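Chain by chain, the residues:
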Protein chains: 2
Amino acid sequence: MKCSIVTIGTEILLGDIINTNSAYLSRKLAEHGIAVFSHHTVGDNPDRIQDTFKTAFKNCDTVITTGGLGPTEDDITREAVARFLGLELASDAKAQTEIAAFFEQRGRSMSPSNLKQAMFPEGSIICHNSRGTAPGAIASSNGKTVIMLPGPPFELELMFQNSVLPYIEKISSQVFRSRVIHFSDIGESEMNDRVKDLLDGKNPTVAPYAKTSGCQLRITAGAKDHDYAMKLIKPLEDEIVNRLPEYIYGYDDDTLESRAAELLKKLSMTISCAESCTGGMLSSTLVNYAGISDVFAGSVISYSNAVKIQELSVEESILEKNGAVSEECARAMVIGCAQKFNTDVAISITGIAGPGGATDDKPVGTVYTGLYINGQVSIRKLNMFGDRQRIRLRTVNSVLFNLVKELEKL
Amino acid sequence: MKCSIVTIGTEILLGDIINTNSAYLSRKLAEHGIAVFSHHTVGDNPDRIQDTFKTAFKNCDTVITTGGLGPTEDDITREAVARFLGLELASDAKAQTEIAAFFEQRGRSMSPSNLKQAMFPEGSIICHNSRGTAPGAIASSNGKTVIMLPGPPFELELMFQNSVLPYIEKISSQVFRSRVIHFSDIGESEMNDRVKDLLDGKNPTVAPYAKTSGCQLRITAGAKDHDYAMKLIKPLEDEIVNRLPEYIYGYDDDTLESRAAELLKKLSMTISCAESCTGGMLSSTLVNYAGISDVFAGSVISYSNAVKIQELSVEESILEKNGAVSEECARAMVIGCAQKFNTDVAISITGIAGPGGATDDKPVGTVYTGLYINGQVSIRKLNMFGDRQRIRLRTVNSVLFNLVKELEKL
C-alpha cells in the first residue's frame, strides 16, 4: 500500500486551521509500515480536486481524504471521489441508519441535507462515526482506493483506529502493535545517537519523537496476531531499557504526573508544593491527574518574599544573605512546606524565569529546587534555557522526573 | 499575486512534525489579500519536487517553499528551484557573509557544507535569517516566482515578516496593517453572527479566529501608507466595539493575564488566589506575565478540605453543610485568601473538574468562583463543559475575563 493524503477544505487554505490530520495519519501509517508520498490541500473546488487526485495517485495506489463530508453545499468530497473513480453515487442504507441514530441519540432533529451524507460511491465500505454525523467510507475502482475521513480530528482519529486500521490489517493480513517508551532529562539527538543502530529495522520499527515533556521511542511490529507482535517487540524494548534506564519514566499512556501520582498512591505518601517562579505550574500539572486528591494536600505559591517568610517560615536573614534564588531558600521553603501541610513529600522551586531579575552570578534560567521525602532534603540547582514560559515548563518537567526517579528507589 | 505553498521534507511525510508553517503563511497571505490555491508536501526527492512545482504553479504565479535549505545532502530546495526555473546556481556573496557572521557571533566554527547554503538561483533576492544559518531567497524567471523559506517556524516567521512582506508590499505598492480585537465569554459562531455583514468586505477585511482563550477578529487594510491603512481600519473597529463591547478584553498582543496585570498595576492593587479544582492554573497563568511581581503576592492551592480549613479559615460547618463546591465555600475561601495575603483583590475557585466527584445536583463542570475587591465579595456559579483539562482552562479564562471587566469599572 502506497499512500498520499489529500485535505479538502478552503478553511485550511485560509490558515484558519492547522492541518494536524495529515501529521496524525502520516505517523500512524508510518507505524504500520506504509509509505506516505505526499500531502496536498485543496479548496472546495470540483476541478481542482480532480487535478489533485491525479497528482496524488501518481506514485500511489491509495489516497486518504479528510474533510468535505458535511451536509452543506461546500461538502463535495463524496461527489469528487465518485467522479474520479468513475462510480455512481448511491445512498447507503447502513450510512442512513447511522446518521438517523446519531440524531435520535442526541434528541436532535435531522434535516434533509443530512441524508446527503449517506451518499457514497457504489460499493463503498462505510466507516462508522461515533463522534459526529458524517460517516466515512472506503471506495475502490481499477486498483485505486480512496479512504474518505471527516475533517474534525476528534472524529477522524477514532474512525481511523476503528475502521481504517482494521482495513489495513485485513489487506496486509497483519496486525500492528506498538510500545512507547518515555524519556526525560535527555535530548532527542542524544537519545537517537544512543539507539542509532536500532532505528533502521524494518519490523519492528523504532521511531523517535520529541514532546514538550521529553522525548519518546515507539517500537512497532506487524505480525499475524497480537501475541506474536508483542513477542517481536519485547527484545527491542529490553535492549532500549538496558541502554538508557536512567532516562525512562514510563510507557505507553504514562505522563510524568501520572507516574508521580501512581507512585505516591502505591507508597501511600502525600505531597505538597511551594512554588515561586513556576507560579503554580507544578501543582497544576499534578492536578491534571484525575484522582490526585488521594495524595495531594495543597500548595503555597510564594511569589513575594513576604509570603515566603510568613507562609513557609523562611528566615528573613536567608533572603537578605543568600537571596530568594538560593540553595538555602529552596531548603527553607521545602521544609516549611512539608511542615505546613504535614505531608510525606514536598517540593520547592525558586528561580529566575526572566526576562528581568538576573544578576551577574545568577543568570536568567537559574533555578533551585528542593525535594523533601520523609524528613530527608535534597537540593538541585538547574540551569534552564529558553524564554520565560520554556524555563518554567522545563523546570516543572525536571522536578517531576526527579520526583519519579527518587520515588522509584523507595 | 496567486500563491501555493510547497513544504519540502520527508520528516513531515513521516508525521514527526505538524506542518504549522503552511497555516501561518496562509493566514498571513490571506490578511494581505493574497489567495492561496493549494498546499503540497513532498519528500527530499528531486523528481517528485519538480512534479510538485508543476502542479503547484498550475493556478499560480508564486510558490512559497519551506524547508530543505540546510547544509546536509538532503537539503535540495535550492537545486530544485534552479532546475525548475531554468537558472544556474551561483554562490551569493551577501549570503556567504551572512552565514559567516552567524557562526562568528556564536563563536562556532563553520563547516564547508555551510557554504552550500549560500548557493542560490542566479539573480535571487537574498532574505536575511537572524535566527539560523539558512538564508532564504526569492528567485524569478518567466513570470514564475519561488520564495524559499527555512523550515523552523521560529526562523520562517521572522523572515516572512522582515523580507517577504516588504517584497509583497513593494510589488503590490501597498502596505498592510492589522488590528486584532480579543473577545471572551462569547462563542465564535455567535460572534460571527453579530458581525456577519462586516465579514464580506474586501478592504479592509475582517477575519474571525478561535483561540483557547476566546476568539478574535482581525481587521486588515491595504493602503498606500501606514496612516491611511489605519484610517481605513478605524470605522470598522469602532463599529465592532460598538456592537460587542461587553465581550472585548483587549487588542493586538493583549492576553487576559496581561490585561489583568496592567489594570492592577494602573490601579496600584495587589492580588492573591485560592484555587481548588484549577490547582494552580490561574496563578500560573498570571505568572505568564513578566512583571507580575509588582502586584501578585501569592496563592494557596487548597486541594484538600483540611487545607481549606487550616489555610483559608473556611469553617468546618460550611464544608459539612454546603460542601466544598458551594457558594458559601467560595465566599469563605476568597475572604480567607484576601486576609491571609493582605491583598486588595482576591479570587477563589472551587469546582468539580471530573471525571469523578459529581453529585445529582452538582454535575461535572459545576464551579463556584469568588471575587474580592476592596472588601466587596461577589460569587459566580459557572457551568463548564468538556473534559477535565477544558473545564479547568475555561474556568481560568472566565475568571480572568470577569476580573478584567470588574477592574475596568474602577
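Quick caveat, the model's predicted, so the values are computed rather than measured.

Participant: Which residues make up the relation of the copies chain B and chain A, and what values do they have?
Facilitator: For these two chains of identical sequence, chain B goes onto chain A by a turn of 180 degrees and a shift of 0.1 Å along the axis, with RMSD 0.1 Å. In the structure described here, the two chain copies are related by an operation that fits a two-fold rotation axis. A symmetric contact is evident, with 100% of the interface residues of chain B recurring at the interface of chain A.

Participant: Would you mind going over the packing of aromatic side chains in detail, with residue names and values included?
Facilitator: Residues and elements named next belong to chain A. Taken as a whole and assessed by the stated rule, the structure comprises 12 aromatic pairs over all chains. Pairing Tyr 24 with Phe 160 gives two aromatic rings, centres 6.0 Å apart and planes at 80 degrees, and the pair type is edge-to-face. Of this pair, Tyr 24 sits in helix H2 (residues 20–31) while Phe 160 sits in helix H7 (residues 153–172); the two residues are 136 residues apart in sequence, bridging distant segments of the chain. Assessed through its relative accessible area of 9%, Tyr 24 is described here as buried. Between Phe 57 and Phe 84, the ring centres sit 5.4 Å apart and the planes meet at 10 degrees, which makes this aromatic pair stacked. Linking Phe 57 in the loop between helix H3 (46–56) and strand E3 (62–66) with Phe 84 in helix H4 (residues 77–85), this pair joins segments that are 27 residues apart in sequence. The buried category is assigned to Phe 57, whose relative accessible area is 7%. Put simply, the rings of Phe 53, Phe 57 and Phe 84 pair up and form one aromatic cluster. Taking NZ or CZ as reference, Arg 394 lies 4.4 Å from the ring centre of Phe 385, over its face.

Participant: Before we move on, could you go through the sheet that holds strand E12 (residues 248–251) of chain A and cite the residues and values that matter?
Facilitator: All names here are of chain A. In space, the four strands of this open sheet follow the order E10-E11-E9-E12, with antiparallel pairing throughout. Of all the strands in the sheet, the pair left with one neighbour each is strand E10 (205–211) and E12. With strand direction ignored, the average angle separating the axes of adjacent strands in the sheet is 25 degrees. Relative to E12, strand E9 (residues 175–183) runs antiparallel, the two sharing three bridges. Of the residues in E12, the one forming a bridge with Ile 181 is Tyr 251. Here H2 sits on the sheet in contact with E9, E10 and strand E11 (214–223), set at roughly 50 degrees to E11.

Participant: Which residues make up the interface of chain B and chain A, and what are the values?
Facilitator: Across the contact, 59 residues belong to chain B and 60 residues belong to chain A. Summed over both sides, the interface between chain B and chain A buries roughly 4,200 Å², with carbon and sulfur atoms accounting for 55% of that surface. The interface formed by chain B and chain A contains four salt bridges. Between Lys 340 of chain B and Glu 311 of chain A there is a salt bridge, with its nearest N and O atoms 2.6 Å apart. In the side of chain B that touches chain A, the residues fall into 25 nonpolar, 25 polar and nine charged.

Participant: I'd like a description of H7 of chain A, backed by residues and values.
Facilitator: Residue and element names in this part refer to chain A. Phe 160 marks the point of greatest bend in H7, at about 45 degrees. Restricting attention to buried positions, one finds in H7 the residues Glu 155, Leu 156, Met 159, Phe 160, Ser 163, Val 164, Leu 165, Tyr 167, Ile 168 and Glu 169. On its buried side, H7 packs onto H2, E3, strand E6 (125–127), strand E7 (136–141), strand E8 (144–149) and E9. Ser 173 lies just past H7 and shows a positive phi near 55 degrees.

Conventions adopted
Residues numbered from 1 in each chain as written. Chains lettered and ligands numbered in written order. Predicted model: local features only at pLDDT ≥ 70, side-chain atom pairs only at ≥ 80, totals over all residues. Heavy atoms only, no water. Least-squares fit on C-alpha atoms with pLDDT ≥ 70 in both. Contact = heavy atoms within 4.5 Å. Phe/Tyr/Trp six-rings, centres within 6.5 Å; stacked < 30°, edge-to-face > 60°. Helix = DSSP H or I, 4+ residues; strand = E, 2+ residues; numbered from the N terminus. Buried < 20%, exposed > 50% of the residue type's maximum accessible area, 1.4 Å probe, protein only. Lys NZ or Arg CZ within 6 Å of the ring centre and 35° of its normal. Pairing = 2+ DSSP bridges. Axes fitted to C-alpha atoms, helices over the stretch in contact; angles between N-to-C directions. Buried area = accessible area lost by both parts, 1.4 Å probe. Salt bridge = Lys/Arg side-chain N within 4 Å of Asp/Glu carboxyl O. Nonpolar A, V, L, I, M, F, W, Y, C, P; charged D, E, K, R; others polar. Bend = angle between axes of the 7 residues up to and from the residue.

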